[in-house]
Amino acid sequence: MATAIAQRRDSNVKEYTFLWEGIDRNNRNVRGETKAASEAVVSSNLRRQGIRITKLKRQTFRGGSRVNEKDITFFTRQLATMLKAGVPLLQSFEIVARGHKNPRFARLMMDIKGRVEAGSSLSQAFREHPGQFDALYCNLVNAGETAGMLDGILDRLATYKEKILAIKSKIKSALFYPITVVVVALGVVTVIMIWVIPAFKTVFANFGANLPAPTLMVIAISDFFVTYWWLLAGIIVATCIGLAFLHRRSAAFRYLIDRLSLKFPVIGTIIEKATIARWTRTLATMFAAGVPLVESLDAVAGASGNAVFVAGTRRIQTEVSTGTSLTNAMHNTGLFPSMVLQMTQIGEESGSLDGMLSRVADFFEREVDDAVAAMSSLLEPLIIVFLGVVIGGLVVAMYLPIFKLGQVI
């Protein structure tokens, strides 16, 4: 009983990673790392091995920025490359950790390495960090470990994540420019309304003449801004916080927003094509790794990124589990174009479903590229017209009384 209690206490002792250098019994310089509770324990263990310590330092990974999807994608490619080159798994994690500039990422790598050293499988170690490694990632790694082809699965997974990251990056870059211009325009209009127009109003008060209707309208809007700016700011902030809260907590609201986003002109088409590309790419990757179709669909639903497609995938999963073919189940949702259904049917009949789905994903990724380029060229003149109407309209409205005064003189 006492021995069991002592073992339990020892297992709760916090251990740290120490880097050491020293000289062995043959007067050779040696170095390494070890885990222990303190420097004294490390020194004692090394002396017992006949090593005279010349340098001993605890390895720390303090601070650092959040580990993002780009970090995980780059790590997956690195790990796949090193495993294919014959580098041992634990040494690969050590190389990645020491070569990364983000201390938080290095700490994540060393934690996973420690769990693998303690006897955990790689997929189980990844599952301990769901914020960085989702169910799809862990399931694929588990499939690779089971089949004995971890390097190949990681290579396929790295390719998948690189393509998904490229799609997201293209959509973000396409939306960044118009959103930035609109935000700057709103900022300029606010400054004009609160500070510039009141100065014109003071000047116009000395004219002693009736002001044109556009000028009176702009002055009235400016008075409202000056008087109730705090109310407008509060409404905007409260609306943003409320929408973010509902989107995070309410599945029905999330479904509504995602359905509306698919119906937006131009942008909705891009979102739909990007979602289909991500959906087919994910399913192709899972199926090629040997994951059963029903289990693959479970991961595909989480990776689709759109609540409408999540609900549709759940329906497909239910129908497939009861014996319906994948093509018919996809057709029943009404979410997929006929080309996707035809390619899926050919893949099912020929036994090359993963290859057909990969071709569908390639096609829709190219469609997204073309749609983003077309949207960018379309938005530029629309944004110029928008700025001209808004800013130019305010300027003309405020200079009309001056023009009128010049005609009178």
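To be clear, the structure that these remarks concern was listed above.
The residue count restarts for each chain, going from 1 along the sequence in the order it is written. In view of the model being predicted, local features appear only for residues whose pLDDT reaches at least 70, and side-chain atom pairs are presented and counted only at 80 or more, with totals across whole chains, interfaces and linings using the full set of residues. Excluded from the side-chain calculations are hydrogens and water; all other atoms, namely the structure's heavy atoms, are used.

1. Some points on the pattern of salt bridges
Should their charged atoms come close, side chains of opposite charge can pair. One speaks of a salt bridge when a side-chain nitrogen belonging to Lys or Arg is within 4 Å of a carboxyl oxygen belonging to Asp or Glu. Summed over all chains, the structure comprises 15 salt bridges. Note that E94 is salt-bridged to R98, the shortest N-O span being 3.0 Å. Of the two residues, E94 and R98 both sit in helix 4 (residues 89-99), 4 residues apart, roughly one turn of that helix. E319 is the partner of R315 in a salt bridge, and the nearest nitrogen-oxygen pair spans 3.2 Å. Of this pair, R315 and E319 both sit in helix 13 (residues 307-321), 4 residues apart, which is roughly one turn of the helix. A network of salt bridges, in which partner residues are shared, links R77, K84, D155 and E162. Per the convention used, a helix needs a DSSP run of H or I reaching at least four residues, while a strand needs a run of E reaching at least two, with both numbered from the N terminus.

2. Digging into helix 13
In this model helix 13 runs 21 Å from its N-terminal to its C-terminal C-alpha over 15 residues, within 8% of the 21 Å that 1.5 Å per residue would give. Relative accessibility under 20% of the residue-type maximum defines a buried residue, over 50% an exposed one, and the middle range a partly exposed one, all with a 1.4 Å probe and only protein chains included. All of the buried residues along helix 13 are A307, V308, F309, G312, T313, I316, Q317, E319 and V320. Looking at the buried positions of helix 13, the neighbouring elements they touch are helix 10 (251-263), helix 11 (267-288), helix 12 (293-303) and helix 14 (326-333). Where helix 13 begins, the side chain of N306 points an oxygen toward the backbone nitrogen of V308, at a separation of 2.9 Å. Positioned one or two residues after helix 13, G323 has a phi angle of 110°, which is positive. One less than the number of residues in a helix, times 1.5 Å, gives the span that helix is expected to have. The contact rule is simple, with two residues in contact once any of their heavy atoms fall within 4.5 Å. Whenever two N or O atoms come within 3.5 Å, that pair is a polar contact, provided that in protein one can donate a hydrogen and the other can accept it, and provided that, for residues adjacent in sequence, both atoms are side-chain atoms.

3. Concerning the packing of helix 8 (residues 150-205) against helix 9 (residues 213-249)
The interhelical angle for the contact between helix 8 and helix 9, taken along N-to-C directions, is 120°, at an axis separation of 9 Å. Judged by the inter-axis angle, helix 8 sits oblique to helix 9. Here helix 8 runs over helix 9; the crossing is left-handed. Residues T190, M193, I194, I197, P198, K201 and F204 of helix 8 pack against T215, V218, I219, I221, S222, D223, F225, V226 and W229 of helix 9. Each axis is a line fitted through C-alpha atoms, taken for helices only over the stretch in contact, and angles between the N-to-C directions span 0 to 180 degrees. Roughly parallel means an angle under 35 degrees; roughly antiparallel means over 145; roughly perpendicular covers 65 to 115; every other angle is labelled oblique. Crossing handedness follows the turn of the near helix against the far one: under a right angle anticlockwise gives a left-handed crossing, and clockwise gives a right-handed one.

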